Amino acid sequence: MRLEGVELRRVSMPLVTPFRTSFGTETTRDVLLVRVVTGEAQGWGECVAMADPRYSSEYTEAAADVLRRHLVPALAATPRLDAYAVGPALAPFRGHRMAKAALETAVLDAELRAGDRSLARELGAVHERVPCGVSVGIMSSIGELLDAVAGYLAAGYLRIKLKIEPGWDVAPVRAVRERFGDEVLLQVDANAAYTVADARHLARLDPFGLVLIEQPLDEEDILGHARLAQLITTPVCLDESITSARTAAAAISLGAAAIVNVKPGRVGGYLEARRIHDVCAAHGVPVWCGGMLETGLGRAANVALAALPGFTLPGDTSASDRYFGTDLTEPFVLRDGHLSVPAGPGLGVEPLPEVLRAVTTATEWLPL
Ligand SMILES: [Mg+2]
């Protein structure tokens, strides 16, 4: 495959409601899209970095910068380019997994479109639709939270995830359980807001029968998670800590992760995400697909990944209208609590030209 050039495109997508987590509030999703153009096809990749380096050290401007200065030029120097050559070509540059993932995904999409193959089939998907959960942000009151959860359950979501932080944990979980019952699949995500010294407090969540508690401690505190897992009965799931198949294997071996949230952007792309799926499956560890407020482009790829056999828990692969009034692509619509896995070539979806034009704030063409 011969690359002709790479376009970096910034789009600004207003969120239908502000999304608050323990690390901040998002009102608009500032997304970096990567489009690669080859002789046969073009391909899209969505960079999941946020505008500020709070979820992780990456952020949108930095992702654009490293792509422009280092990653795209490295691909230009790669003979016999295909998607499997992207990771090794970018390996000399440390970190920047979200930027790398966007570039690799765009190359993979172009390659699959040229070969008339779907991403789902390429990754090894075994389902035509995937069960969906929803991530519910931190609210200003319990009443507001209960109204939001009622709306998502009415929409058909099969699992509810509550964002928590110190001061917003036991009470909202108790309120949701009391109002909606014990049958609702319910889990919480702390985005690293606690320390292992909070173990006794976090054990107060145990009676509520949660599916899991996600990333309670700092991303580097693997041993702390292993210790916490011995002090609470709620299964510990890691998100931010898992940056590769290697870190997943280590965390599982140390007893720090009973469940893993797989986010392709966080781990450098869909090929590494599949390796994490494989490592977890070999250890009998369930995985599920997280979300980073993706547009339809990133959502399409996540839904394809979530159709692999080891993804046995509902993901944060919500419908388009959970986040956006108008999605970049044909919207993903919840049917019976599920989203359909795109079956067309590549990602199986494309940006709608008029929507793309309306939300674009900048474009930059990098010729090769
Ligand atoms: Mg998380």
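Along each chain, numbering runs from 1 in the same order as the chain's sequence is written. Local features in this predicted model are restricted to residues whose pLDDT is 70 or higher, and side-chain atom pairs enter the listing and the counts only when it is 80 or higher, whereas totals over whole chains, interfaces and linings include all residues. Neither water nor hydrogens contribute to the side-chain values; these are computed over all heavy atoms in the structure.

Undergrad: Whenever I open this one, the overall build of the chain confuses me. Can you help?
TA: A helix here means a DSSP run of H or I that spans at least four residues, while a strand means a run of E at least two residues long, and both kinds are numbered starting from the N terminus. When helices and strands are counted, the chain shows 13 helices and 13 strands. Put simply, the radius of gyration uses C-alpha atoms, and a globule should come to 2.2 Å times the residue count raised to 0.38. In summary, the chain has a C-alpha radius of gyration of 20 Å against a globular reference of 21 Å for 368 residues, a match within 12%. Seen through its C-alpha atoms, the chain measures out along the principal axes to roughly 60 × 40 × 35 Å. Exposure classes here rest on a 1.4 Å probe applied to the protein chains alone. A residue is buried below 20% of its type maximum, exposed above 50%, and partly exposed in between. In the chain, buried positions account for 59% of the 368 residues. In what follows, a contact means two residues having at least one pair of non-hydrogen atoms within 4.5 Å. Relative to all contacts within the chain whose residues are 6 or more apart in sequence, the contacts with residues 24 or more apart total 73%. We treat Lys and Arg as the positive residues and Asp and Glu as the negative residues; His and chain ends play no part in the count. Where a charge lies is defined by one atom per residue type: Lys uses NZ, Arg uses CZ, Asp uses CG and Glu uses CD. Of the charged side chains in the chain, 35 are positive and 45 negative; the average position of the first set lies 2 Å away from that of the second.

Undergrad: Whenever I open this one, the sheet that holds strand β10 (residues 259-262) confuses me. Can you help?
TA: Whether parallel or antiparallel, the strands of a sheet pair through hydrogen bonds between backbone atoms. Strands pair, by our definition, only if DSSP identifies at least two bridges between them. The strand order across the open sheet built from 7 strands is β5-β6-β7-β8-β9-β10-β11, with neighbouring strands paired in parallel fashion. Edge positions in the open sheet fall to β5 (133-136) and β11 (287-289), since each of these has one partner strand only. With 2 bridges connecting them, strand β7 (residues 185-189) and strand β8 (residues 213-214) associate as parallel partners. Counted as the bridge partner of V188 is I213 from β8.

Undergrad: Whenever I open this one, unusual backbone geometry confuses me. Can you help?
TA: Leaving glycine aside, a negative phi is the common case for residues, and trans is the common case for peptide bonds. Although it is not a glycine, N191 sits at a positive phi angle of roughly 45°. Mapped onto the fold, N191 is located in the loop between β7 and α7 (199-202). At A192, a residue that is not glycine, the phi angle is positive and equals roughly 70°.

Undergrad: I tried to follow the coordination of the magnesium ion on my own but got confused; where do I start?
TA: Under perfect tetrahedral coordination by four donors, a metal shows angles of 109.5 degrees; under perfect octahedral coordination by six donors, it shows angles of 90 or 180 degrees. Every protein donor of the magnesium ion is accounted for by D189 (OD), E214 (OE) and D239 (OD), and the metal-donor separations fall at 2.1 to 2.3 Å. The rule for donors is simple: an N, O or S atom within 2.8 Å of the metal counts, and for Na, K and Ca the reach is 3.2 Å. Water is not among the atoms, so a site may look short of donors. Of note, the donors binding the magnesium ion are all from one chain and are spaced D-x24-E-x24-D. Residue D189 is located in strand β7, and its partner D239 is located in the loop between β9 (236-238) and α9 (245-253); the two are separated by 50 residues in the primary sequence. Residue D189 is classed as buried on the basis of its relative accessible area, which comes to 0%.

Undergrad: Sorry, what's going on with the UniProt feature "domain: Mandelate racemase/muconate lactonizing enzyme C-terminal" (unreviewed entry) in the chain here?
TA: UniProt positions are given in the numbering used here, feature names are shortened, and annotations may be inferred rather than shown by experiment. Residues annotated by UniProt as "domain: Mandelate racemase/muconate lactonizing enzyme C-terminal" (unreviewed entry) correspond here to residues 142-235. Strand forms 13% of residues 142-235 and helix 41%; the C-alpha atoms that close the span are 25 Å apart.

Undergrad: Before we go on, may I ask you to explain the layout of surface pockets in this structure?
TA: The way it works is a 1 Å grid over only the protein atoms, where trapped points that fit a 1.4 Å probe form a cavity and open points with protein on both sides within 12 Å along at least five of seven lines form a pocket, and then any residue with an atom within 4 Å of a point lines it. Grid points are joined across faces, edges and corners, and a volume is the space filled by probe spheres set on the points. There is about 420 Å³ of room inside the largest pocket. Along the wall of the largest pocket there are 20 residues; nearest its centre are G87, K100, V267, G268 and E272. Elements with a contribution of two residues or more to the lining of the largest pocket: α2 (83-90), α3 (97-114) and α11 (270-282). Considering every element that reaches the lining of the largest pocket, the biggest residue donor is α2, with 6 residues. Among the residues forming the lining of the largest pocket, the class breakdown is 9 nonpolar, 5 polar and 6 charged. The residues that make up the lining of the largest pocket include at least three from each of domain 1 (3-116 + 350-367) and domain 2 (120-340). In this classification, Asp, Glu, Lys and Arg are treated as charged, Ala, Val, Leu, Ile, Met, Phe, Trp, Tyr, Cys and Pro as nonpolar, and every other residue, Gly included, as polar. The domain limits used here are those given by an automatic or database domain assignment.

Undergrad: Would you mind showing me how to read the side chain of E294 here?
TA: Checked against the element boundaries, E294 lands in the loop between β11 and α12 (296-306). Any carboxyl oxygen of Asp or Glu within 4 Å of a side-chain nitrogen of Lys or Arg constitutes a salt bridge here. Nearest to the buried, unbridged E294 among oppositely charged side chains is R299, at 4.9 Å. The definition of a polar contact used here is a pair of N or O atoms within 3.5 Å, where within protein one atom must be able to donate a hydrogen and the other to accept one, and adjacent residues in sequence count solely through side-chain atom pairs. Looking at E294, its side chain comes within polar contact range of the main-chain nitrogen of M292, at 2.7 Å. For E294, the side chain forms a polar contact with the side chain of N302, separated by 2.9 Å. With near-sequence residues (within four places) excluded, E294 lies in contact with E46, V48, R299, N302 and F324.

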